[in-house]
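# Close look at the chain arrangement
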Protein chains: 2
Amino acid sequence: MHIKNILNKLKEDDNQAYLLTQFTNIKYISNYKPTSFAFCIIKENPIVYASEMDMEIAKRDSSIEVKKYEKFDVMIEDLKNEGVKNLAIEPSLVYSTYEKLRDDFKIESKTYIEKERMIKSSSEIENIEKATEIAQTAFRQLDVTSRKESEDVLAFDLVRLMIENGASRESFDTILVSGSNTSLPHAVPEHKRLETPILIDWGAIYNGYCSDNTRTIVYTEKEHEIFDIVREAHDKAIKAIRPGLKCCEIDKVSRDIITEYGYGDKFIHSTGHSLGLDIHETPGFSLKDDTVIEKGMVITVEPGIYLEGEFGVRLEDTVAVENKARIIGDLEAML
Amino acid sequence: MHIKNILNKLKEDDNQAYLLTQFTNIKYISNYKPTSFAFCIIKENPIVYASEMDMEIAKRDSSIEVKKYEKFDVMIEDLKNEGVKNLAIEPSLVYSTYEKLRDDFKIESKTYIEKERMIKSSSEIENIEKATEIAQTAFRQLDVTSRKESEDVLAFDLVRLMIENGASRESFDTILVSGSNTSLPHAVPEHKRLETPILIDWGAIYNGYCSDNTRTIVYTEKEHEIFDIVREAHDKAIKAIRPGLKCCEIDKVSRDIITEYGYGDKFIHSTGHSLGLDIHETPGFSLKDDTVIEKGMVITVEPGIYLEGEFGVRLEDTVAVENKARIIGDLEAML
């Protein structure tokens, strides 16, 4: 089904083939996820060139033809023999591969698959729901507030709990940090006993699909004050989501609230990102993204306020867009 | 020191600047490792453009000037104002960024940093040694042979032990697999009790630097027979390493041995790869790599035989090239 849609788009743009190297795009199309490298070519007879090392799993998992990758030139010859002149590539293709293609083909970068992946099927949404359920169950089982352990050990305990609850792994490097570390949006857990506040940004992978949540456990009056602002920005942004609006309008809702309270310059990232097979997908709730929101999108809402050298607060939930936004997982029980 | 070397090479090639986006290359040059994206430009006055979100850690860690990234166009204007006409890029630069540069600059892809990184300093080697020591200590503390746990839980226990022993994290997704899973070089641990044989491919990161080892615990006569062949290929390849030889000659040593025993077509990957800030660096002991071996290189030797549907055996150590190869860590105590 996906392949048919892509073939139609290729035809419209007068491209005869589409080269994929991104692992999750290849997985989306073929159900085979490479472990080192692979080339997938969408054309009338789609094919995956897998490394020798991957042949066993590629043959096991792929829904399209698999050939052993021998040499780049062989692939180019195959394409030329099939009459491919205009070749679409992903924007993420590395320059060194582009260099080997540009003399033989007219190259154009296209986000056909990313656009296809924006709208999740019901089974994709079920996988994201299951991943979220696993991650949230693990979180409830973790003893954070007694603060008996160090950040890094607790982060790993959380991952182990996710695995025990059925995750194949974590969806990104778990952030479980405390004290002034919380003012870094991408902080790394350290080998030190937990201080306060405590910020946990974590997710599981289930059946290839990611979940993503953030909770901040606050203690002092000032931390509570900041938390309430972030909570308001989070709740109102989620309430504002509706098919037909633009993504940037949702970013504006949360950013305006935080700005009104005087912390606009402390909200140093965008309001949210889509997720699925990747933890970061398009579209996102950001200032510059004017993609129109559609049913079937799955996007995070994660406003934050970061007071450098002091502390930070972020609150993140993932929503599925229906007639309005439905929060995936259990918000209230998690706060 | 590194920057000076790169500036000299730039001059030789008539390039005025070198754009870096690869995180470990930026870390190598500036000591700041980006968490989402960054642009580092090596020129007379080298600079890092960091995302707003990373500004706090970039300012903390970077040894070169840091500027907040605003817009791509601003960066292009800065470069043009400084008289940059010929711009070197990394081969891994993504096409979408190349596309935004090609109208304003003459672009050439260069591996200046990768070449610099081939030869490790003594402090880099110390970090790799420490990472190896941590990983091997954790391995000794892990109870694998009682086979009481599942592959995935044991894999996580190994990671936790590495963390407890001082690793910042694992250097790649730990492979701890058993039974017929061992015939997949990049197998993923499953939620099932350990069968036999057991293959563990694991490593730690210490101070940014990776370690990499593989051990296979064999049981049956046939498994022992295959193990002995792999061991011979491993030992003789390591013995053959000498500055002045080409990397492909070392691959040939281990491949010839395995081929003599009739398993040449079951050795489905190259003999080894360099490591450092990345788990896979250049050069590698592969058929096609004619890089001359030099003192200061740190490379893995990891022959394997994979019998599809049955089992696989791999043995991997990391060596530092001196007058000959010195195995990092403790080989005998680990077998």
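First, a word on what this report is: a plain description of the structure on this page. (Residues numbered from 1 in each chain as written. Chains lettered and ligands numbered in written order. Predicted model: local features only at pLDDT ≥ 70, side-chain atom pairs only at ≥ 80, totals over all residues.)

### Regarding the overall build of chain A
Check the secondary structure of chain A and you find 10 helices and 19 strands. The C-alpha radius of gyration computed for chain A amounts to 22 Å, which stays within 12% of the reference 20 Å derived for 335 residues, consistent with globular compactness. Overall, the C-alpha framework of chain A stretches about 70 × 40 × 35 Å when taken along its three principal axes. Counting only residues that meet the buried cut, chain A has 47% of its 335 residues in that class. The long-range fraction of contacts in chain A, counting pairs at least 24 apart against all pairs at least 6 apart in sequence, stands at 62%. (Helix = DSSP H or I, 4+ residues; strand = E, 2+ residues; numbered from the N terminus. Rg over C-alpha atoms; globule rule 2.2 N^0.38 Å. Buried ≥ 20, exposed ≤ 12 C-beta atoms within 10 Å, placed from the backbone. Contact = placed C-beta atoms within 7 Å.)

### Some details on the sheet that holds strand β1 (residues 17-20) of chain A
All names here are of chain A. Judged by pairing direction, the sheet is mixed, and its 6 strands sit side by side in the order β4-β3-β2-β1-β5-β6 without closing on themselves. The sheet terminates laterally at β4 (65-68) and β6 (106-109), the two strands that pair on one side only. Neighbouring strand axes in the sheet, compared pairwise and without regard to direction, differ in orientation by 25° on average. Here strand β3 (residues 47-50) runs beside β4; their pairing, made up of 4 bridges, is parallel. (Pairing = 2+ DSSP bridges. Axes fitted to C-alpha atoms, helices over the stretch in contact; angles between N-to-C directions.)

### A look at the interface of chain B and chain A
Of the residues lining the interface, 30 residues belong to chain B; the matching set on chain A comes to 30 residues. Those elements giving two or more residues to the side of chain B that touches chain A turn out to be α3 (55-61), α5 (95-101) and α8 (151-164) of chain B. When residues in the side of chain B that touches chain A are grouped by element, the largest group, 7 residues, is from α8(B). Of the residues contributing to the side of chain B that touches chain A, the split by class is 15 nonpolar, 8 polar and 7 charged. (Nonpolar A, V, L, I, M, F, W, Y, C, P; charged D, E, K, R; others polar.)

### Quick look at the nonpolar core
In this structure, Ala131(A), Met162(A), Ala131(B) and Met162(B) are the most contacted members of the largest nonpolar core, which totals 183 residues. Excluding residues that lie within four positions of it along the chain, Ala131(A) makes contacts with Ala167(A), Gly203(A), Ala204(A), Ile205(A), Tyr206(A), Tyr209(A), Cys210(A) and Ser211(A). (Core = buried A, V, L, I, M, F, W, Y, C linked by C-beta atoms within 7 Å.)

### Some words on the relation of the copies chain B and chain A
Overlaying chain B with chain A gives an RMSD of 0.0 Å, the required rotation being 180° about an axis along which the chain moves by 0.0 Å. Here the transformation between the copies is reduced to the relation of a two-fold axis. Residue Val94(B), judged by its C-alpha, is the member of chain B lying nearest the rotation axis, at 2.3 Å. Mapped onto chain A, 100% of the interface residues of chain B are again interface residues, and the two copies thus contact each other with one and the same surface. (Least-squares fit on C-alpha atoms with pLDDT ≥ 70 in both.)

### Observations regarding the sheet that holds strand β10 (residues 204-206) of chain B
Residue and element names in this part refer to chain B. Taken together, 3 strands build an open sheet; the order of strands is β7-β10-β11 and the sheet is antiparallel. The open sheet terminates on both sides in strands that have one partner only, identified here as β7 (169-170) and β11 (209-210). Of the strand pairs in this sheet, β10 and β11 are connected by 2 bridges, and their pairing is antiparallel. In the sheet register, Tyr-206 faces β11, and the bridge partner there is Tyr-209. Of the strands in this sheet, β10 and β11 are in contact with helix α7 (residues 122-141), which crosses β10 at around 140°.

### Brief notes about the pairing of strand β9 (residues 198-202) of chain B
Residues in a regular strand project their side chains so that they alternate between the two faces of the sheet. Residues and elements named next belong to chain B. Among the 5 residues that make up β9, 5 are buried, leaving the element largely enclosed by the rest of the structure. Side chains Ile-198, Ile-200 and Trp-202 of β9 all project onto a buried face; the interleaved residues Leu-199 and Asp-201 project onto the opposite face, where all are buried too. Direction of pairing for strand β8 (residues 175-178) relative to β9: antiparallel, over a ladder of 4 bridges. Looking across to β9, one finds that Ser-178 is bridged to Ile-198. In this structure, β9 lies alongside strand β12 (residues 213-217), joined through 5 bridges in antiparallel fashion. Across the sheet, residue Trp-202 finds its bridge partner in β12, namely Asn-213.

### So, the packing of helix α9 (residues 221-240) of chain B against helix α10 (residues 247-260) of chain B
A packed helix pair is summarised by two numbers, namely the angle formed by the two axes and the spacing between the axes. Residues and elements named next belong to chain B. For the pair α9 and α10, the least separation of the axes is 8 Å and the interaxial angle reads 155°. Overall, the two elements α9 and α10 adopt an arrangement that is roughly antiparallel. For the pair α9 and α10, the sense of crossing is right-handed. Of the residues in α10, those touching α9 at Ile-229, Glu-232, Ala-233, His-234, Lys-236, Ala-237 and Ala-240 are Ile-250, Val-253, Ser-254, Ile-257 and Ile-258. In terms of residue class, the contact of α9 with α10 is built from 8 nonpolar, 2 polar and 2 charged. (Parallel < 35°, antiparallel > 145°, perpendicular 65-115°, else oblique. Left-handed = near helix turned anticlockwise from the far one by under 90°.)

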